[in-house]
Amino acid sequence: YADRAKLVLEATHGGRHEIVIVGKLGKGSAAAKPTAPAVIVPQQKDVQFGSVAQGITSEAIVSIRSIVDVDLSVRCRVADISSGSPASKPEESSFKVVTPSLIQLKARQSTSIVLQFTPKPGVKSRGCIVLSASSPKLPIAVAQTRIAVSGFGKAKKTSNKRLPTRIRAIKIQDGES
């Protein structure tokens, strides 16, 4: 993005200075890119699985609705931003979209997305469902909607049975103990 700004300084005694700034906005720039208009609205802004035991898979259903007058192609994926080591491959993520990755959503209609959470023991998992909507009839190429997801992997409970701390030998003599 090339951008131009004009800064005008006026002194109380009638002096005036104009400064024109021309620059290129980069990734680290403080100025925000214009945001695309929303075309999909999720029923909830986030999905919290809470604490789930190791070895258990929990599911959540998220409803989304088109708010435009055109049919949409919607791609669904999960971006995992878990604490610990971030998952670099989809199969390493604790979250999985079960719904087909490409959904055809009719104008002003709703559909559901099924999300699974299979926790890693003792790890807080965070991520987001990324919904990328497109249509040749939209004024933008792709509009994205994100839904935050989180969960925690609870370790399996160990047995509460106490192990003996001391073993005592019993000597048996002539059938008596």
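Before reading further, recall that the structure is shown in the block above.
Residues numbered from 1 in each chain as written. Predicted model: local features only at pLDDT ≥ 70, side-chain atom pairs only at ≥ 80, totals over all residues. Heavy atoms only, no water.

*Asks:* Looking at this structure, how should I read the overall build of the protein?
*Replies:* A count of helical and extended segments in the protein gives zero helices and 11 strands. Along the chain direction, N to C, the helices and strands of the protein fall in the order β-β-β-β-β-β-β-β-β-β-β. Within the protein, the fraction of its 177 residues that count as buried is 26%. Taking the contacts inside the protein whose residues are at least 6 apart along the sequence as the reference set, 65% of them involve residues at least 24 apart. Per element, the accessible surface of the protein, about 13200 Å² overall, is 53% carbon and sulfur. (Helix = DSSP H or I, 4+ residues; strand = E, 2+ residues; numbered from the N terminus. Buried < 20%, exposed > 50% of the residue type's maximum accessible area, 1.4 Å probe, protein only. Contact = heavy atoms within 4.5 Å. Areas by Shrake-Rupley, 256 points an atom, 1.4 Å probe, with all protein chains shown as cover.)

*Asks:* Got a minute to help me understand the pairing of strand 11 (residues 143-154) in this structure?
*Replies:* On a regular strand, one side chain projects to one face of the sheet and the next to the other, so that they alternate. Alternating positions in strand 11 separate cleanly, Ala143, Thr145, Ile147, Val149, Gly151 and Gly153 being buried on one face and Gln144, Arg146, Ala148, Ser150, Phe152 and Lys154 remaining unburied on the opposite face. Where strand 4 (residues 46-53) meets strand 11, six bridges bridge the pair, whose relative direction is parallel. For valine 47, the partnering residue across the bridge sits in strand 11 and is valine 149. Alignment of strand 10 (residues 124-134) against strand 11, held across 10 bridges, turns out to be antiparallel. By the bridge assignment for strand 11, lysine 124 is matched with phenylalanine 152. (Pairing = 2+ DSSP bridges.)

*Asks:* So what exactly am I meant to see when it comes to the sheet that holds strand 9 (residues 110-117) here?
*Replies:* For sheets, the rule is that strands pair by backbone hydrogen bonds, running either parallel or antiparallel. An order of 3-5-9-7 is seen for the four strands of this open sheet, with the pairing classed as antiparallel. Because the sheet does not close on itself, it has two edges, and the strands there are strand 3 (40-42) and strand 7 (95-97). Pairwise comparison of adjacent strand axes, ignoring direction, gives a mean angle of 30° for this sheet. In the sheet, strand 7 pairs with strand 9 via three bridges, with the strands oriented antiparallel. Note on strand 9: the bridge partner recorded for lysine 96 is glutamine 116. (Axes fitted to C-alpha atoms, helices over the stretch in contact; angles between N-to-C directions.)

*Asks:* Where do I start with the sheet that holds strand 6 (residues 72-80) in this structure?
*Replies:* Spatial ordering of the open sheet is given by 4-11-10-6-8, a layout of five strands whose pairing is mixed. Two strands in the sheet have a free side with no partner beyond their single neighbour: strand 4 and strand 8 (102-105). Sheet twist, expressed as the average angle between the axes of neighbouring strands with direction ignored, equals 25°. Sheet topology places strand 6 next to strand 8; four bridges connect them, and they run antiparallel. Bridge pairing in strand 8 places serine 73 opposite glutamine 104.

*Asks:* Is there a simple way to explain the pattern of salt bridges in this structure?
*Replies:* One pass over the structure, following the stated rule, counts two salt bridges. Across the salt bridge formed by aspartate 71 and lysine 106, the nearest N and O atoms sit 3.6 Å from each other. Of this pair, aspartate 71 sits in the loop between strand 5 (58-66) and strand 6 while lysine 106 sits in the loop between strand 8 and strand 9; the two residues are 35 residues apart in sequence, bridging distant segments of the chain. (Salt bridge = Lys/Arg side-chain N within 4 Å of Asp/Glu carboxyl O.)

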